[in-house]
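If you want the building blocks of each chain, they are given just below.
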Amino acid sequence: MPVDQHSDPFDAPQTDPFEDRLSAALHQAGGTFDTNRAALAAAGAARGRRLRLQRRAAVLGGAASVALAAVGGALLVPWGGSAPASRATAVGATPKPSASTSTSASASASASATAGSTTTATATATTAEGPVSAEQMIETLKKLMPKGTFSQEAGRGTQKDKDLPIAAPYASVVFEDGKGPAAVSVSLNRVQPGTQEAQDASRCPDKVYVPYDACTTKRLDDGSVIMILQGYEYPDRRVDTKLWRAELLTPKGQQVSVMEWNSASEKDAPISRPEPPLDPEQLTRLASAPEWRTVVDTMPEPPKVTEKPGSQPSLPDVHARATLLQLLPKDLDVVDKSRGDDSEFAYAVVDDGRGRSLVQVNVQPDMRDAADALFGSGSETLSDGTRVAVHQGPGAKGAAGSVMWTVDTMRPDGRRVVISAFNAGTQQEAATRATPALTIAQMREMALSTHWFRAQSTN
């Protein structure tokens with residue numbers, strides 16, 4: 001469903017029934033954790049690639065690909081994995097306090113996991129072939145971490161229920177090692193190896209959309225790929241709560257997400273320590289522990305998405321970045337640009353001598369089902385039936401003085417091109433100039449160009 005052009009994708013209300021169920025389940029957990037972005041990422045069936053405007057690269061920094069677009073958003077979520085069993089290896093095997101956190105599309109801890117509960121699950125939690133309980137998930141997390149105390153424990157096992165009919169196991173705790181309480185969580189998922197979702201899971205995000213201090217990706221001896229991201233809970237840094245993440249993807253499609261904060265909650269809690277408790281090495285050990293893969297083995301295989309020929313509209317061999325660069329006014333210097341050959345999304349950071357300005361485009365093959373919601377009062381219809389809507393408003397929440405201008409167009413056959421421009425070089429930073437480097441007239445000309453639907457070479 002489309003959402004407001006200028007809303008933050010993380011805060012935008014969603015009306016899709018699946019997302020409503022998921023959000024409701026997440027809120028059942030109460031206590032420490034909000035509806036978590038990684039949790040959403042790990043939970044559902046892939047919903048299709050709708051539109052990836054604004055924070056396309058931001059949500060997971062490559063982890064599990066949640067794409068909530070500011071223009072016609074949709075939730076992209078893979079299912080869940082597989083792997084061998086083995087004995088517990090504590091993250092604190094080398095001296096150092098540690099904690100780790102991650103969530104799964106089901107931070108929706110059901111009644112089976114209550115905050116503050118304690119359990120006595122044994123090693124069978126990670127070797128059983130049957131369903132794994134919430135208590136076993138929590139105990140496995142605690143067993144794999146360094147010495148410390150735990151509170152506000154919550155979790156979910158591999159069972160399904162009527163409110164969340166997909167396996168989405170996770171465990172979360174508040175960990176105290178004497179240096180301040182820290183929220184930590186682990187979530188598990190299965191993705192189809194070789195898919196775009198799988199590739200995105202371990203890719204460092206683009207700093208244009210996600211500010212962070214450090215990000216590394218490396219391949220482990222068993223062929224797994226892990227990304228360690230040391231960033232922040234809020235992209236605009238309105239609160240300096242640190243969020244460090246590990247995203248592990250095995251060759252079999254097993255995905256382990258670990259997240260940790262330097263506060264007792266991801267949001268609405270004071271910073272309690274300078275940094276999250278686990279360093280990158282410890283995050284790697286926790287995410288790669290074989291116990292998690294054993295749990296993933298009990299989850300159903302992800303559905304193989306096979307599209308029938310002609311069942312989905314498609315774009316010609318268009319490279320959005322090449323087309324965007326070709327159509328930009330020649331008097332602008334391009335100081336940064338998106339990577340890859342995506343046919344649906346691209347950005348460029350331009351400078352006309354008065355400061356940087358982010359320009360981005362989304363191209364979609366058929367959005368007729370959302371036309372009335374996207375083109376309401378104030379929009380116009382051209383003589384050939386193309387619909388055009390112009391929006392000028394504030395930019396990202398927390399970015400002082402930022403503005404976002406958007407020209408949204410849709411051809412009669414549903415092909416849609418959206419051009420947006422900002423008065424800063426990223427979406428989350430404060431304004432660096434009064435207005436975007438492009439005028440509305442220039443953006444309109446770009447969006448109405450026929451080049452978006454012609455094959456292009458890469459650039």
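Above this text is the structure in question.
Keep in mind it's a predicted model, so treat the numbers as computed, not measured.

This brings us to unusual backbone geometry. The backbone phi angle of Q152 is positive, close to 50°, even though this residue is not glycine. Here Q152 shows up in strand β1 (residues 149-156). The backbone of D268 shows a phi angle near 60°, a positive value even though the residue is not glycine. Its place among the elements puts D268 in the loop between β7 (254-261) and α5 (280-288). Under the relative-accessibility criterion, D268 is labelled exposed at 76%.

Here we take up the pairing of strand β4 (residues 212-219). Taken together, the seven bridges between β4 and strand β5 (residues 225-232) define a ladder with antiparallel strand orientation. Within β5, the position partnered with A214 by the bridge is Q230. Turn length for the β4-β5 hairpin, with the two strands adjacent in sequence and antiparallel, is five residues, and the turn residue G223 shows positive phi of about 95°.

Once that is clear, we can look at the side chain of S420. Tracing the backbone shows S420 in strand β14 (residues 416-422). Reaching out from S420, the side chain makes a polar contact with the side chain of T406 at a distance of 2.9 Å.

Let's shift gears to the packing of aromatic side chains. In this structure the tally under the stated criterion is three aromatic pairs. An angle of 45° between the planes, with centres 5.5 Å apart, marks the rings of F150 and F175 as tilted. Of this pair, F150 sits in strand β1 while F175 sits in strand β2 (residues 170-176), and the two are 25 residues apart along the sequence. Assessed through its relative accessible area of 22%, F150 is described here as partly exposed. Judged by relative accessible area, which is 0%, F175 ranks as buried. Taken together, Y209, F345 and Y347 form an aromatic cluster joined through their ring pairs. Residue placement shows R237 over the ring face of Y232; its charged tip is 3.7 Å from the ring centre. For R415, the ring lying beneath its charged end belongs to F453, and the centroid distance is 4.2 Å.

Cut-offs used in this document
- Residues numbered from 1 in each chain as written.
- Predicted model: local features only at pLDDT ≥ 70, side-chain atom pairs only at ≥ 80, totals over all residues.
- Heavy atoms only, no water.
- Helix = DSSP H or I, 4+ residues; strand = E, 2+ residues; numbered from the N terminus.
- Buried < 20%, exposed > 50% of the residue type's maximum accessible area, 1.4 Å probe, protein only.
- Pairing = 2+ DSSP bridges.
- Polar contact = N/O pair within 3.5 Å; in protein donor to acceptor, adjacent residues only side chain to side chain.
- Phe/Tyr/Trp six-rings, centres within 6.5 Å; stacked < 30°, edge-to-face > 60°.
- Lys NZ or Arg CZ within 6 Å of the ring centre and 35° of its normal.

Note that all results are geometric; they support no functional claim without further evidence.
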